[in-house]
Amino acid sequence: MMNYRFLLLLSSVFFLFSCDNDVILTEDAPPLPIVYGLYNSSAEEQLVSITRSFLNNGPGGASGAAQQQDSLYFGVDEIVAFAENSRTADRVTMTRVNLSDEGIDRVEGVFPTTPNFFYTYDTTGLNANPGDTIGLRIEMDGELIASGSAPILPRLEFLQVRPPLDFYPFSSDRPYSFSWSTDFETPEGLDVSIYEVGFDVFITETGPDGVERDLNLFFIAGDDSSTDVAARVFNGRIDGFYDFLEANLNTRLEGFSYTLPAVRLVITGGDENFIAFRDLIRANRGVTSNGELPPFSNVEGGIGLYGGITQLRQTSDAGLSPASADALGDRIPEIDFGL
């Protein structure tokens, strides 16, 4: 799910880049590929966003052009995308899928919410191991038009001496800790540039009409760019959890109620491209959007970022400590607890 979160956020902001002055919208030129992806070494299914710059040469100006499907996406048979293991030369072909068919539409904005095309592939055929490099290739009429590469990062594991908690004291003023390390078979010199601590938050929303809706939110609790030792320890407070929930729930509308059945810890390790990828999302959310090209692009022949991540997920459901549950109930009286 982490791939989905980052890529769906970016799919709602990438149009800013295709409008930059470096892309001439009125020129009769080949479309510029716009690519965003994270190779998640902890997942078999991978997801990549591949779109195109659009030409402002039709009725209605740029806004009218943005509403045309073929101004945003390549045609179904116009391009072919591959993932390739540089060590073994094993290659798999990506499949275009419409996430709207799964109920995942684009965020409302300049472009239509549907369709919502992404490219997916299964890593099984790549025979990849930590330390390998996965190349991304996009071809049109047999010619390479864009490419990128991402490292396969080491696998992570929780340390038995500090496992994930069963109940998280989000309201506590006292530090608490949990630890993780890289897999003992990690090749020497394969580094993770940053670690991010987050939580999957599972909530059931009940509307005024009694209809229930399951929500899966992701709360970023903090990050640590210090990676000078193999084992990492989170040891501190986690602030902002209650503000995050209030901002993402319909707490200001009458008739809505919520059940918070579980939270689960997620540790994400990323390469230096992931840092730029994440910072790009942060810079282009809400009123802070800068409307500029990303700090750098590592996609040759196009615009975008292709990086590597590895993830460690808590598999069991965890709850909130009694004090944290009380504090959340004071902030959001409409919320109940399933644990």
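Structure first, text after, so check above.
Let's hear about the pairing of strand 3 (residues 80–85): which residues, and what values?
When strand 3 meets strand 7 (residues 133–140), the two strands line up antiparallel, connected through 6 bridges. Paired with Glu84 across the bridge in strand 7 is Gly135. Here strand 3 runs beside strand 4 (residues 91–93); their pairing, made up of 3 bridges, is antiparallel. Residue Glu84 lies in a different strand from strand 4, and its bridge partner there is Arg91. Linking strand 3 back to strand 4 in an antiparallel pair, the connection comprises 5 residues, with Ala89 at a positive phi of about 70 degrees.

Can you explain unusual backbone geometry? Please cite residues and give values.
A cis amide bond links Thr114 with the next residue in sequence, Pro115, at an omega value of -5 degrees. For Pro115, the position within the fold is in the loop between strand 5 (95–98) and strand 6 (117–122). You will see that Ala89, though not glycine, has its phi angle at about 70 degrees, which is positive. With respect to the helices and strands, Ala89 occurs in the loop between strand 3 and strand 4.

Would you mind going over the sheet that holds strand 8 (residues 143–151) in detail, with residue names and values included?
What the 4 strands build is an open sheet, ordered 4-3-7-8; its pairing is antiparallel. Looking at which strands have only one partner, the edges of the open sheet turn out to be strand 4 and strand 8. Neighbour-to-neighbour, the strand axes of this sheet turn through a mean angle of 20 degrees, independent of strand direction.

Can you lay out the nonpolar core for me, pointing to particular residues and giving the numbers?
What tends to happen in soluble globular proteins is that the nonpolar side chains get buried as a cluster. Among the nonpolar cores identified, the biggest contains 35 residues, and Val201 and Leu245 are the most heavily contacted of them. Contributions of two or more residues to this core are made by strand 11 (176–182), strand 12 (194–206), strand 13 (212–224), helix 4 (241–248), strand 15 (257–270) and helix 6 (322–331). Not counting residues up to four positions away in its chain, the partners in contact with Leu245 are Val201, Ile203, Leu217, Leu328 and Ile332. Judged by nonpolar contacts, the second largest core, of 22 residues, contains Phe74, Ile79, Ile152 and Tyr306.

Basis of the calculations
- Residues numbered from 1 in each chain as written.
- Predicted model: local features only at pLDDT ≥ 70, side-chain atom pairs only at ≥ 80, totals over all residues.
- Heavy atoms only, no water.
- Pairing = 2+ DSSP bridges.
- Helix = DSSP H or I, 4+ residues; strand = E, 2+ residues; numbered from the N terminus.
- Axes fitted to C-alpha atoms, helices over the stretch in contact; angles between N-to-C directions.
- Core = buried A, V, L, I, M, F, W, Y, C linked by side-chain atoms within 4.5 Å.
- Buried < 20%, exposed > 50% of the residue type's maximum accessible area, 1.4 Å probe, protein only.
- Contact = heavy atoms within 4.5 Å.

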